[in-house]
Structure formats: C-alpha cells, structure tokens
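Each chain, written out:
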Amino acid sequence: MAENQQTTKKKADLKVVLVGSADVGKTCFITRYINDSFDANTANTIGASFFLKQWGPYNVAIWDTAGEERFAGLSTFYCRDAGAAIMAYQISDRHSFEELRSRFLSLLPESNCLKMVVGTKLDLVVSGEEKRAVHPQEARQFSVDINSELLSQSGNVSIPFFETSSKTGEGVAETFESIFEKCLSTLSDHYRIKKLRDSIQLHDEVSNDSPIPPKTETRPKKSCC
Amino acid sequence: MSSKAFDLVSTLERSILLADIRGKHALPSANPVDIVCFDCCTKNLFIGTTNGFIIHYIIDERKTAERVIFKSHLQGKKAVAKKPLQLVKYVPTADQVIILVDGTICVFDTTRFDLSPSHERFKNVQTFCVNENKEGGSPFGQQVCIASRKRHIQLYNITAEKWIHIRDIGLPELPRIVSMDSSTVCVALQTKYVCVNVETSKLTELFAYDNEADTPFVKRVAPGEFFLGGPSDLGIFATVSGVSQRPPIQLKSGTFSLAFSSPYIVSLNSEFVVVYNALNQQQKQALQFQRGVSLQEQSDRVFVASAQDIYALVPVPWQKQVDGLLLEHKVEEALKLAEVSYRNSGLSQSQFNEINNVILQKAGFIEFSLYNFDEAGQYLKTGGVDLREVISLFPGLLSVDSQFTRSRPPLHDFADVNQITKGNLEKSEDCTAWLVRFLESVRCKMSEKKDVHTALMKLYAEKRPSDLLRLLQSGYQGHHSDTVDTLQTFGRFHALAVYYQQARELDKSFTIWSRLVNKEIEDESFDPLGLSYFSDVLCKTTDATLLLNYAPVVLEKDPVIGAQMFTKRFDSGIQDKRLNPESTIEFLTRFPEALTYYLEHLVLSANQQVESFHSHLAMVYLDNLFSAKQLNNKVLIESLRKKLQSFLRQSDKYSVSLILGRVERDDWLLPEAAILHGKAGNDSAALEILVNELKDYKGAESFCVNQSANKTTTIERQRLFETLLHLYLSKSKDNERMRVYVIDLLNNPKAVFNAAKVAELIPDDWSIALLSKFMLNSVRSSLHDGRQARIASQLAYWDYFLANKDYLSLRSTTISLTDNKRCESCHQLFKESAFVRQADGRVVHISCAKT
C-alpha cells in the first residue's frame, strides 16, 4: 500500500506486462511468482493490477492486465513502454493461443520489447485431465516469429518460450528469471547509454541557450580581476 | 468497512441559502432554486444556481475540541443570466469568476460584483478549465483552456485587465471535458482520452472509452497525473507521458465528480460520496448523499454540493482514524496511516516513533481486552509500554506507595481488568497468568522496577511460591510495606525471611526462621530446607552477636548441626574475637553434645595441639561417661570408654595430673588411671593397678611392650619387665596359676630380661623344666650376643689395621714443590715453601686449604 505508492513513484527499471485471453491463469501465474502460493478461485482482474519485484539492484514493475474483452481498450494503455511482455495462453485451449497473434500482439510495443510466450496450466495436460491443444514446437516457432528483431540482434539467445504450471510452480520462476536476465543485463548497458545521452542532451540544451559556445566551458575560468 | 476518513459537516444550510436568495421576508416561491455549480478558494465560496444567480459567501471555520463548525456570511448575489449557470470558476489573481452559462463564457468582476463589460463573451463553449499547476508561469496570470464546440481547444492567459489569446490546438474529435496541469491538457474526447501538450501541440493517446455506457471524467490528482473515467466504472491513473503508474480503482457506477485529498480519492455519484485510498485502491468510506452536484477540494477540505445545500468533508483527525482502525483490529493499517500522516506533517523521526509506540500500546490493550494475549504482548512490548500501565489494570497489584499515574491521554478506557472479564473467574485467571508471563518476558526500565517487582512478588506470593524466592534473591527492589504485608498475608514466611535477609535486616529474618524451626509458624516452602538451611545462613553471617543469639535455637534442635556452624566457621578461617575456639567452647558449655563435637573437631580433625583443648576434651569425655553411668546405659558406657581410652593413649597434650586427679576418685576408672600413670612415666604404679587391682595380665604385658618401645636403653627396658616380673612373682607365692603368667612373660619374645637377674628372682623351688625354654632362649641369645660382640671386635681391629697401613704408606712418599708448580685450588704459583697436602692428594696454598 504505502510501499506501492513509494515504489511506483520512483521509476521502475523494467516494466513487464502480462497479457493473454481471459481465464488462462495470468493472475495465478504472478501470484505463484510473488507469493509462491496457488489459489484456484482467483477473482477476475478488473482493469489491471500491479506488483513490484526487486531483482538485484533493479525495480521491476509487473502489470497484470485483464483478459476480458471489455478491457481491451485499456490493455494498450497499460502495455505502453513495456520492456517485456509475457504472452500467456492455455496449453489445452487452442483459441487462447490463436488470440495471442490476433488480439494481443498488436497491443505490445513493436520494438525493444521481449515477448515471452508462456503456456499455462501444464499440470492439466500432464495429468491427462485435459488434452493438449498447442504443440510446444508450434508455440516456440511463434515466439521465434515475433521476437525476430531481438533474436537477430543477439545471436546466442535462447528462444523466449516456457510451458508452466502455477499449480505446481513448474517453469514460473524460470520464466521471470529468464526475462530479467535478458532484459536487465542487456538493458543495463542500454540504460547506461541512454542516461548518458540524456545528460548530454541536457548539457546541449543549456549550452544552446547560452551565448558562449559549449567548448569554452571546458577551459579554466578566468579570475574576475 | 474501514474506519472513516472524513466527517460530513454542513457548510451552507438550505434555509440560509433560500433566505439569502429571496430576501428575508420573501414568500416561499413555487419555483425551486437549486445549486448547479460552485467553486471555493480560500474562504470564498461562489455558487451558481438554476435561476442564473451567482452568490458569494465567506465561509468561516471554527474548530472546537470535538468538531469543526462552518459559518457562512453572504457577500453578495447577482443574477447574471436567465438560465442555470453550468460552471463557475474563481480566479483570485484576476479578481474574476469565469462563468459558463448556456454555452457562453462570461467574466464576472468580483470587485465591482457585476459582469465585466470590457471582456468579450466566448460563444460555442463546451467547457473550460484553469491551469491547476502553473509551474513556471507568470505569478499574475492564469492560464485558461476553453474547449469549444468545434474540434479545438483555445488557450488564454488572463489577468485582471485582459484575456490574452495564446493559441488554438486542433483535435480529432469534439472535446467533452478538459483539465490542465502545467503545459498539458488532458481532454476527454467523444470516444477516448488524450493528453495535449500545449507548447508542442503534440497529442498522446491514452485509451478509449464507450461514450454510451461510460461517464467520462478528468481529474488532476497530482503534478503530471490525471485520474480518468475508464470502461466498467474503472478509475484509471494516467501520467502526462501516457502511461499509468498506479493500478486502477473500481468506482461506483455513474461517478461524475471527483476530488483528491491525499491519499484519498473522493467520488460522487447520484447517491453516494465514496472515499477510496489511492495507495491500496480500496474503498475507505461511503456516505449516502442524495442529489449530489459536484465536488471541490480546497486545501485539506473537500466540499460537496447537493442541489440543496453544501457540506464539507472534514478529514477525521488521523489519530481518530487510527483509534477507529485499532478498534477494528487493523493494527497494521493503523500504523501505516500514522506513518503516512506523520510524514506529511513533517515531524521528526523521534516524534513519529513516539506516536507509533502509543498506537502499538493502544493496540496492545485492545487485543488484551479480547484475550488475544500473544498479540497484546507483542504490541505492548514493541510499543515499549510503561509496564505499570499494564499492572495498574489489575487491582491491588500496584503499590499504594507507587509514584505512577496512568498516561494522559489514556491508552485505553478500562478502569481495571474486572471491567474486561465482567467477573468471569476463568478469564480473569487467564489474564493474570498472561500478566505474569508478560512481566517475566519484558526487561523493565529503572523507573518501573520498583512497581514491576512488587507486582510480580504479589502474583508469585499468591500463585507460584517457587518463583517467589528466585525473584526475591535476584536484585529485588519492590516496595517495602507491600512486600512485608503480602508475604505475611499469604503465609510466605520463608520468603519474608529471605526478603529481610536481602534487605540486610538479618535480625528480623533470623527471628522468622527461628519461629519456623520451632514450628511457631508454618510455611511449606521452608519444610524441605529446615534446620540445616537456617544453620547455614547463621554460619555465614558476619555478625557474631547474631550468630550467638540464634545459635541456641539450632543447638537445641540438633547439637551436631549446631556445632557444625562453629566448626565450619573455624575451618573457613574467619577471624572473630568473639568466636575464637576459647569463647566458642565457653559458649557451648551449655550444650555438652555440641561441645563434644566441637572439641573433637578441633583436636582430632583440625589437629590443634593446644593443651587446654585436649584436657577439655578428656574432661568432656569423662563427663559424658559419668552421665552415661548415671543412666546405667552399658552399651553407651562401653563405647564412650573406648573413645576415652583411645584418646588418652593417643594424645600427648592433655594435662595428665588434671585428668588423673579426676580419674583417681572413682575405682571403676582404674584402666584409665593405668593409662594415665603410664603417660606420666610412672610405670610401676600403672603396672600395680593392672596386675593387683585389675588382674589384667595381658593388659599389663602389652603395657610393658608398648612402654618399652619408648625406652632408649636396654637396661631401662629390662627394668620395666623386671618390675612386672617382680609383681607376678610376689603374687605367685599364694597363687599357683600365676606361674603360668610368669612363664608366659618370660617366654614373650618381645620381653627383655637380664637372665642372671631373672635367675636370682625365680624362687628356687621352681622346676628347671618350667624354665627350660626361657633358659634355653637366654643361653642362646647370650651366646649369640657374645659371638656378635667378637665379630664386631675383629672387624674393628681390621679397620684399625687398614688405617695404619694407609698412614704408613702416606708417610713414606715425598712431594716435590718447584717454582712452576701451581696450587690446585687457585691455580696460582707457590711463593713460599709452606703448603698443604689434602687428604685426596691435592697440593694447595695454606690460605686455599682454609677456605
């Protein structure tokens, strides 16, 4: 509560959004990661909810978006500036997988956004309660397609794809660790450069306004008398 | 439902409003006059009505201890239109009220209190707003953004004199609502929200809404942050950069007006005023409110207008909110609220800690009243409660002498624990048990020690005597009178004695223990300790007077334990004139058994070689023997006698004459007399007693054997045995049986006789056969002695011969002394001819030989 307020006020180092059709288990997925617990009767997310995670020196803001259609308009808004997105589908639900391409891909920033494809409710398929509807190879290929920019930039990156179960915890922590490692370790350089550039820009602006050319500033100042 | 954040307080009553509009004597009109819009700034309140009036009030606010009261003073009223006013906005920097009526903006001059004729009117206006965050703008100007009924917004800078048009910015759709923060205008368009940067004219799309199902609103809540009406009655936070930094809030349906009073979002729909906490997105409070019109915030107040009247939402003092939360057991929330409130109030960390502690303490007492003992203890402990606050809940535990008064303001409303338990005995016992646990687990401060100790003492005295002693013996500091009274009341006499002992009032404590020992008073906790405990305590006391005063109590009960007090003191080497052995012996004279034990310890165990102790012990033995004799206790007499005899034999320190004088008075003590005579060297007297009086021949013989060991020469030894032989022989004249003893004596290998003298003494009529063994032995030993002597003589001669030989050989050798011969001792040259030749043959200076 008060914590949230403070931490949201200072800028998070990475924004991760969780998108996907209704009832694929997005909130359960986050709850498993943050609280390491599982509740089968999680209420529908209204609009969006928010979690903050400390990863090493970094603050990571994790936004859980509502999967229901009526909040579709909001999802774009909440996905803005996301550094990574978890695109969740239910392994036993073909429709939820297809919606990733048809509905959710367009919500996400086109570049500079890692799109982690995550199959949920693996336990149902393993126990045989429900039939598998999406082959892992297919989902992996989807991940390769949508992350082409990222994969081509850095050659030796594993394909961002996991099959998980929030009930057993399988693959959940691995998903987040993989995201943080990919984004924060690569982005840390990126951020450093960006920050450096920001400071230079500021410097340029000041020097543009001042009548003295920027180079003279580096010279030792003359004494006043 | 959480505790409330605001109280609804009437600011402007309907009756006053109506009277002010129509004049005091006007009849009630058939046309209802309602409030449509209002604005407030500092004390100014401007109201727009359905009949086109603008009314100006000054609102005075008075704070009493309990609540806030508002009083309204009418400043003026003016009919400015025939239609209802849609929006009024007071711009104090320009002394203007901007009025929107029937799609037209007109400017109202507050100084003249009339519409300003010099300003143009703006037509086709949808709505307008003033910049709520003039960062970097002119202090005299105020930016106003007008949303027209065409697809653009217009920006003006207004001063008292004029409105200066800055720029128009085109929009993709018709604007419905605008709100301005610094250089950003957030606009609700027909289907979506956008942020417009007025400097760059750049549009940032936020999100879309359903213009049929949803009621849009735009409320600036913080610098650079707006709160917008989203789909499904969600309130959505959005920053000017187009992202969200807080999760959305689920609002009530049909919410149309909002206000922000950190950290609360206040919302208004047709039936309710609902308060949300922006920090956790939870509903905090809901107030029923019919026909609501609009909300306006003004410093920390939020005003809410209905069509009829105006109220203020006055923040409930956070302390009150905290109390409310505590009553609902929301301790965590209460603490957080306090933290937020205090951070805003700018008080120091230490002041905040104090407040925090008070909250914890209050929480502790509330939990306690619900018997949630674990939580209570934890909160009270972390809150650093004054333990006396807790103790004072339990009647009778706090001393009447205590300086403590309960804290003001009070931490709880309970007079005492009975008010909580309502006389339920089981519960009340639970409470007491918890108190004991609590007091034991908390480290008490110096100021509390006296009272905490007193309370624990009282609790233990009643329920747990086993812990009582531990408390009293470990730095107990309780109130004196309470301690004494309580311990007496509960019959904890042993504890009381211990208390006195710790308080250095030894006389009092010893009196109590004496009475316990004598069973004058009873205390079960003393029973297992008993006499030995008391004697230990006495023994350790440094005050000899006290020891001597109370020792008789122990000595009478058990002389040995009593005597041990003195022997232990003696062994430990404590030097004390009044308790040196002499005075102790004198003191113990009254207690013979103890005296015996003490003397035995001195003489036998401590090995004290002092004549008086030894004599005294012998006399004591004798006394004991006499008393045993009087009782005619044969077994006792036998054992005492053995003891006495062995002592008389072994000790050499007692005064023989003294004891003998005592012993000789009684015939039955002849054996002892014999021993004493022997000690005195009067062998014949001893032997006479043994032989003539006691007829203890064996005893006599062993006496001689023992005594002979002390004699140095054979002649003395022979004389001793001859004395006995003499006694035997003199008796054998009448008694044939004595011959056997004579022969036994003569044949005793340890006896020493001069055979010639014996031969003289033996009567002539004794047969040789009788004496043959003795004679044989005598001859044999004489021969042996003779031969031994000859061997010795021969050996001596041989020694002499060898020495002579050495002497001669030495005399026949020569020693030459030359100039370069050196002394074998100092290694110097010989300077004169005189020298010394030593026994080992070394030749040295005369001076060197001397050293």
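Computed from a predicted structure; not experimentally measured.

So, the overall build of chain A
Thinking step 1. What chain A contains, in helices and strands, is eight helices and six strands.
Thinking step 2. Sequence-ordered secondary structure for chain A, helices as α and strands as β, is α-β-α-β-β-α-β-α-β-α-α-α-β-α.
Thinking step 3. The burial tally for chain A puts 44% of its 225 residues in the buried class.
Thinking step 4. In chain A, once contacts between residues fewer than 6 apart in sequence are set aside, the share between residues at least 24 apart is 73%.

Digging into the side chain of B:H479
Residues and elements named next belong to chain B.
Thinking step 1. Structurally, H479 can be placed in the loop between α10 (465-473) and α11 (480-489).
Thinking step 2. Here the side chain of H479 touches D451 through a polar contact of 2.9 Å, side chain to side chain.
Thinking step 3. Setting aside its immediate chain neighbours within four residues, H479 contacts S399, D401, S402, K450, D451 and T454.

Let's talk about the interface of chain A and chain B
Thinking step 1. The interface is formed by 22 residues belonging to chain A together with 24 residues belonging to chain B.
Thinking step 2. Taken together, the two surfaces of chain A and chain B that pack against each other cover about 2000 Å², and 63% of this comes from carbon and sulfur.
Thinking step 3. Our count for the contact surface shared by chain A and chain B stands at zero salt bridges.
Thinking step 4. In terms of residue count, the dominant contributor to the side of chain A that touches chain B is helix α1 (residues 2-9) of chain A (six residues).
Thinking step 5. For the side of chain A that touches chain B, the residue count by class is 10 nonpolar, seven polar and five charged.

Thoughts on the layout of surface pockets
Residues and elements named next belong to chain B.
Thinking step 1. There is about 1400 Å³ of room inside the largest pocket.
Thinking step 2. Taken together, 49 residues line the largest pocket, and the ones lying closest to its centre are L87, K89, E132, L295 and Q296.
Thinking step 3. Elements represented by at least two residues in the lining of the largest pocket include exactly β2 (35-41), β6 (85-91), β10 (125-130), β14 (177-181), β18 (218-222), β22 (257-261) and β26 (292-298).
Thinking step 4. In terms of residue class, the lining of the largest pocket is made up of 24 nonpolar, 16 polar and nine charged.

Looking at helix α21 (residues 656-663) of chain B
Residue and element names in this part refer to chain B.
Thinking step 1. Here α21 has its buried residues at V656, I659, L660, R662 and V663. Seen from one end, α21 has its buried residues packed into an arc of 160 degrees, which puts them on one side.
Thinking step 2. In this fold, the buried residues of α21 make contact with α19 (611-631), α20 (634-650) and α22 (670-680).

Some points on a nonpolar patch on the surface
Residues and elements named next belong to chain B.
Thinking step 1. A cluster of nonpolar residues, Y797, W798, Y800, F801 and L802, forms a patch on the protein surface that exposes about 570 Å² of accessible area.
Thinking step 2. Examined against the element boundaries, Y797 turns out to sit in helix α28 (residues 768-811).
Thinking step 3. In this structure Y797 comes out as exposed when scored by relative accessible area, which is 52%.

Concerning the sheet that holds strand β3 (residues 44-49) of chain B
All names here are of chain B.
Thinking step 1. What the four strands build is an open sheet, ordered β2-β3-β4-β5; its pairing is antiparallel. The open sheet has two free edges, formed respectively by β2 and β5 (68-79), since each of these has just one partner strand. The sheet shows a mean angle of 25 degrees between the axes of neighbouring strands, taken without regard to direction.
Thinking step 2. Two elements, β2 and β3, share six bridges in a ladder whose sense is antiparallel. Considered in β3, the bridge of D39 is made with F46.

Remarks on the sheet that holds β26(B)
Residue and element names in this part refer to chain B.
Thinking step 1. Read across the open sheet, the four strands follow the order β1-β28-β27-β26; overall the sheet is antiparallel. The strands lining the two open edges of the sheet, one partner per strand, are β1 (6-12) and β26. Across the sheet, the mean angle from the axis of one strand to that of its neighbour is 25 degrees, orientation sign disregarded.
Thinking step 2. Where β1 and strand β28 (residues 310-315) come together, six bridges link them in antiparallel fashion. Paired with V9 across the bridge in β28 is A312.

Cut-offs used in this document
Residues numbered from 1 in each chain as written. Chains lettered and ligands numbered in written order. Predicted model: local features only at pLDDT ≥ 70, side-chain atom pairs only at ≥ 80, totals over all residues. Heavy atoms only, no water. Helix = DSSP H or I, 4+ residues; strand = E, 2+ residues; numbered from the N terminus. Buried < 20%, exposed > 50% of the residue type's maximum accessible area, 1.4 Å probe, protein only. Contact = heavy atoms within 4.5 Å. Polar contact = N/O pair within 3.5 Å; in protein donor to acceptor, adjacent residues only side chain to side chain. Buried area = accessible area lost by both parts, 1.4 Å probe. Salt bridge = Lys/Arg side-chain N within 4 Å of Asp/Glu carboxyl O. Nonpolar A, V, L, I, M, F, W, Y, C, P; charged D, E, K, R; others polar. 1 Å grid on protein atoms, 1.4 Å probe; cavity = no way out; pocket = protein on both sides within 12 Å on 5 of 7 lines; lining within 4 Å. Points joined across faces, edges and corners; volume = space filled by probe spheres on them. Arc of directions from axis to C-beta. Patch = residues over 30% accessible without salt bridge, like charges linked within 9 Å, V, L, I, M, F, W, Y side chains within 5 Å. Areas by Shrake-Rupley, 256 points an atom, 1.4 Å probe, with all protein chains shown as cover. Pairing = 2+ DSSP bridges. Axes fitted to C-alpha atoms, helices over the stretch in contact; angles between N-to-C directions.

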